Amino acid sequence: MLEPYASDPASSRGRLFPEEQSAFRSCYQRDRDRIIHSSAFRRLKHKTQVFIEHEGDYFRTRLTHSIEVAQVARTISNALGFNTELTEAVALAHDLGHTPFGHTGEDALAELMAPHGGFDHNAQALRIVTDLERHYADFDGLNLTWETLEGIAKHNGPVTGDLPWALAAYQQRHDLETDTFASAEAQVAAVSDDIAYNHHDLHDGLRAKLFSTDDLAGLPILCRCFERVDELYPGLDRYRRRHEALRRFFGVLVEDVIEVARQNLARLAPRTSDDIRNAGFQIIRFSDALHQDLKVIRDFLFDRMYRAPSVVNKRKEVTGVVRDLFPYLLERPERLPSRWRENIEKADGGTELARIVSDYIAGMTDRFALQCHEKFINERMR
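Residues numbered from 1 in each chain as written. Predicted model: local features only at pLDDT ≥ 70, side-chain atom pairs only at ≥ 80, totals over all residues. Heavy atoms only, no water.

1. Quick look at the overall build of the protein
So, point 1. A count of helical and extended segments in the protein gives 18 helices and zero strands.
So, point 2. Taking 21 Å as the expected radius of gyration for a compact globule of 382 residues, we find that the protein reaches 22 Å, a close match to that expectation.
So, point 3. Projected onto the principal axes, the alpha-carbon positions of the protein cover approximately 65 × 50 × 40 Å.
So, point 4. Within the protein, buried positions represent 56% of all 382 residues.
So, point 5. Counted over contacts in the protein with a minimum sequence separation of 6, partners at least 24 positions apart contribute 71%.
So, point 6. When the accessible surface of the protein is split by element, carbon and sulfur atoms take 48% of a total near 17,600 Å².
So, point 7. Between the centroid of the 50 positive side chains of the protein and the centroid of its 60 negative side chains there is a distance of 4 Å. (Helix = DSSP H or I, 4+ residues; strand = E, 2+ residues; numbered from the N terminus. Rg over C-alpha atoms; globule rule 2.2 N^0.38 Å. Buried < 20%, exposed > 50% of the residue type's maximum accessible area, 1.4 Å probe, protein only. Contact = heavy atoms within 4.5 Å. Areas by Shrake-Rupley, 256 points an atom, 1.4 Å probe, with all protein chains shown as cover. Lys, Arg positive; Asp, Glu negative; His and termini not counted. Charge placed at Lys NZ, Arg CZ, Asp CG, Glu CD.)

2. Concerning the nonpolar core
Where a protein is soluble and globular, its nonpolar side chains tend to be buried together.
So, point 1. Counting 82 residues, the largest nonpolar core has Ile-76, Leu-96 and Leu-216 as its most contacted members.
So, point 2. Element by element, the count of residues in this core is highest for helix H12 (residues 238-268), at ten residues.
So, point 3. Dropping the residues within four chain positions of it, Leu-216 is found in contact with Leu-202, Leu-206, Phe-211, Leu-222, Cys-223, Phe-226, Leu-246 and Phe-300.
So, point 4. If you look at the next biggest cluster of nonpolar residues, it comprises 27 residues, including Met-113, Tyr-328, Ala-347 and Tyr-360. (Core = buried A, V, L, I, M, F, W, Y, C linked by side-chain atoms within 4.5 Å.)

3. A word on the packing of aromatic side chains
The description of two aromatic rings rests on the distance between their centres and on the angle between their planes.
So, point 1. One pass over the full model with this rule turns up seven aromatic pairs.
So, point 2. When the ring of Tyr-328 is compared with that of Phe-376, the centres are 4.7 Å apart and the planes differ by 15°; the resulting orientation is stacked. Of the two residues, Tyr-328 sits in helix H15 (residues 309-331) while Phe-376 sits in helix H18 (residues 366-381), which places them 48 residues apart along the sequence.
So, point 3. Taking the relative accessible area as the measure of exposure, Phe-376 reaches 4% and is therefore buried.
So, point 4. These aromatic residues form a ring-pair network of at least three members: Phe-17, Tyr-136 and Phe-139.
So, point 5. The ring centre of Trp-165 lies 3.9 Å from the NZ or CZ of Arg-355, which sits over that ring. (Phe/Tyr/Trp six-rings, centres within 6.5 Å; stacked < 30°, edge-to-face > 60°. Lys NZ or Arg CZ within 6 Å of the ring centre and 35° of its normal.)

4. Comments concerning the packing of helix H11 (residues 222-232) against H12
So, point 1. Axis separation between H11 and H12 bottoms out at 8 Å; the angle between their running directions is 130°. As the angle between them shows, H11 and H12 are arranged oblique. In terms of crossing hand, the pair formed by H11 and H12 is right-handed. Residues Leu-222, Cys-225, Phe-226, Arg-228, Val-229, Asp-230 and Leu-232 of H11 touch H12, and the partners they reach there are Arg-241, Arg-242, Glu-244, Ala-245, Leu-246, Arg-248, Phe-249 and Val-252. (Axes fitted to C-alpha atoms, helices over the stretch in contact; angles between N-to-C directions. Parallel < 35°, antiparallel > 145°, perpendicular 65-115°, else oblique. Left-handed = near helix turned anticlockwise from the far one by under 90°.)

5. Let's talk about H12
So, point 1. With 31 residues, H12 extends 45 Å from end C-alpha to end C-alpha; this agrees with the ideal 45 Å at 1.5 Å per step.
So, point 2. Taking the backbone nitrogen of Tyr-239 as reference, a side-chain oxygen 3.0 Å away marks Asp-237 as the first, capping residue of H12.
So, point 3. Immediately downstream of H12, the backbone of Ala-269 shows phi near 50°, a positive value. (Expected span 1.5 Å × (residues − 1). Polar contact = N/O pair within 3.5 Å; in protein donor to acceptor, adjacent residues only side chain to side chain.)

Listed below in structure tokens is the structure:
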């Protein structure tokens, strides 16, 4: 049973292009299914989370990360009486706009696109689902519901000031009310993203041997998790010990979010989903105490993992890949696939051409970007 302030599919604001309702799926189920079947979602399996995709079979990719986010989001949403289908749709779509090579690729592309309106992965995700996925006969994009699009655009909170160009362009066609908070379901997807990466980055960092189990056992929250495991399972082997501790860490974060949400909902007493949007603050979040503990853990990860020499060196290498590909394709747009060249014929050059090239590079997987780089650079050197 949904709470009155949950997003009810029967009250959805609908789609930009009206469609007949499905006889057996809600509109949010349909959104989720379209996202899962999209080309952009499939490409996430070969896109970087932290480590470059080919560096190891066990490290997270954007795809496995998105699935983990969706799992956490469904758990929290269900516990709070929200719409789990909308929550899952936003969670699965939230990283569709990421470039190859994770945030490193995004930073490089944003720098290159600065004269042309910049680059933002959340706005790019919206661009993908409203334009670049071109499979349906009646429309470009996936024609998702207003609520799912809203969640993709502003799950991290209101988008104020100058909007990223891709979001601003869509906003002119379909107002997503960017100055308010998102639905409770989208807020759950956002905090679930934080929970998932805080958990799995610790696990991946251990696997990469960038830090030790003893290092983790000295961190806030985790120290209590390890103490509890040692109390219950003295002498447990180190692999099971760290797994048991990390899964308890995971549970602490989820339980904290649910408890804080219940307190906020009791205080606000919302009666509709719009009451959540207009509350003026994020309903779904960590407690202040846990947020401070997570800051210590994030600082640890930045120092020992994200800025580790091996990771930094690889980032420099892949930054060069993006910086080489962009001007090469800008100067030689005929090298783009035929479908993309059709867009170029309609473009007026300059910024429009740069945005087409940016869309193409942003959609690349890690391995395809590396293959293209090797091929194009070899051609240039002939």
